[in-house]
Amino acid sequence: MKADREFSWNSLMKWRSECFKTFGSALNLPVESPDEVLKALLQPGSIILDIGAGAHKPLENLVKNAGAEYRSLDVDPAGAFDYHSFTEIPSDVSFDVITANQILEHVTVDAAIDIMQNAAAKLKAGGAFFATVPNTSHPVRQRDCTHITCWPANDIYSLFRSVGLSVTRMVRYNKHPLTTNPIKKWIVATICKEFRVDWCDGIIVVGTKAA
């Protein structure tokens, strides 16, 4: 399905402003664990779709341990996935939660809108979309030749809004905890403030579909 919406400059500026008024800058976002944020969305019996699941399906055990039903979607033709495209999903199937974990940075803006539109169409009313992307405020996180699109916090917010999802939560995370050494913590805090960089390497966004 080709995206039938795109970013207009006026809408993008409006959503960027809306994001800042709601959540502040990236450095204002609280720090939380991706697993804990996702767990809070899962309910026993709910159906979860993992977009870009990857060969090892790292989210599968977390979903199943919560008593939810896990389904995967990935374009890799060699992988054992439930679906290889949105067109393979039966018309009568919808999902309580859809995830895109470190996926959207690997595609163009148009492709990201296409993914988000298809996902929003398959979300149940009141359902949640959980996405993670690299934090563009991190000094080295974008150094990956497979990354096509950078998603600053206000622009990933705008992507969600462009397909009609309300952003209910935005947080930061890091695979490695911040040092507990007070001197090193002061140095990190000072550098982040002065150079507008962030030690957290990821952003989590949760959007919901209107009930």
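Coordinates for the structure precede this section.
Residues numbered from 1 in each chain as written. Predicted model: local features only at pLDDT ≥ 70, side-chain atom pairs only at ≥ 80, totals over all residues. Heavy atoms only, no water.

Bringing the overall build of the chain into the picture now. Scanning the chain from N- to C-terminus turns up six helices and six strands. Shown N-terminal to C-terminal, the secondary structure of the chain runs as helices and strands in the order α-α-β-α-β-β-α-β-α-β-α-β. Viewed in the frame of its principal axes, the chain has a C-alpha envelope of about 55 × 40 × 35 Å. Relative to its full complement of 211 residues, the chain shows a buried share of 44%. Counting contacts in the chain only where the partners sit at least 6 residues apart, residues at least 24 apart contribute 73% of the total. (Helix = DSSP H or I, 4+ residues; strand = E, 2+ residues; numbered from the N terminus. Buried < 20%, exposed > 50% of the residue type's maximum accessible area, 1.4 Å probe, protein only. Contact = heavy atoms within 4.5 Å.)

The buried count for helix H5 (residues 153–162) comes to eight of 10 residues, which makes it a mostly enclosed element. Buried within H5 are the following residues: Ala153, Asp155, Ile156, Tyr157, Ser158, Leu159, Phe160 and Ser162. Residues of H5 that are buried make contact with helix H1 (9–23), helix H4 (109–122), strand E4 (123–134), strand E5 (166–173) and strand E6 (202–208). Positive phi shows up at glycine 164, right after H5, with a value of about 85°.

Turning to the environment of glycine 54, a few remarks are in order. Tracing the chain through its elements places glycine 54 in the loop between strand E1 (47–51) and helix H3 (60–65). The partly exposed category is assigned to glycine 54, whose relative accessible area is 22%. Along the primary structure glycine 54 and valine 75 are separated by 21 residues, whereas in three dimensions their C-alpha atoms are 9.3 Å apart. Ignoring any residue separated from it by four or fewer positions in sequence, one finds glycine 54 in contact with Asp74 and Phe81.

On to the nonpolar core. The biggest cluster of nonpolar side chains holds 41 residues, and the ones touching the most others in it are Leu49, Ile51, Leu104, Phe129, Ile156, Phe160 and Met170. Ignoring sequence-local partners within four residues, the contact set of isoleucine 51 consists of Leu73, Phe86, Ile98, Thr99, Ala100, Asn101, Ile103, Ile115, Ala119 and Phe129. Within the second largest apolar cluster, 18 residues are counted, among which are Leu42, Ala53, Ala128 and Val171. (Core = buried A, V, L, I, M, F, W, Y, C linked by side-chain atoms within 4.5 Å.)

Bringing the side chain of lysine 122 into the picture now. Looking at the element boundaries, lysine 122 is found in helix H4. Here lysine 122 is in contact with Ile89, Pro90, Ser91, Val93, Ser94, Phe95 and Ile98, once residues within four sequence places are set aside.

Turning our eyes to something else, we now look at the packing of H1 against H5. Remark: H1 packs on H5, axes separated minimally by 8 Å, with the N-to-C direction vectors making an angle of 115°. In terms of orientation, H1 lies roughly perpendicular with respect to H5. Classified by chirality, the crossing of H5 by H1 is right-handed. Judged by residue contacts, Leu12, Trp15, Arg16, Glu18, Cys19, Thr22 and Phe23 of H1 engage Ala153, Asn154, Asp155, Tyr157, Ser158, Arg161 and Ser162 from H5. (Axes fitted to C-alpha atoms, helices over the stretch in contact; angles between N-to-C directions. Parallel < 35°, antiparallel > 145°, perpendicular 65-115°, else oblique. Left-handed = near helix turned anticlockwise from the far one by under 90°.)

The next point concerns the state of the cysteines. Counted under the stated rule, the structure contains zero disulfides. Just so you know, cysteine 145 is unpaired, no disulfide at all, and the nearest cysteine sulfur is the one on cysteine 150, 13 Å from it. (Disulfide = S-S within 2.5 Å.)

Moving on, we get to unusual backbone geometry. With a phi close to 45°, lysine 57 is a non-glycine residue in the positive phi region. Inspection of the secondary structure puts lysine 57 in the loop between E1 and H3. Positive phi is not limited to glycine here, since arginine 196 has a value of about 55°. Relative to the elements of secondary structure, arginine 196 occurs in the loop between helix H6 (182–195) and E6.

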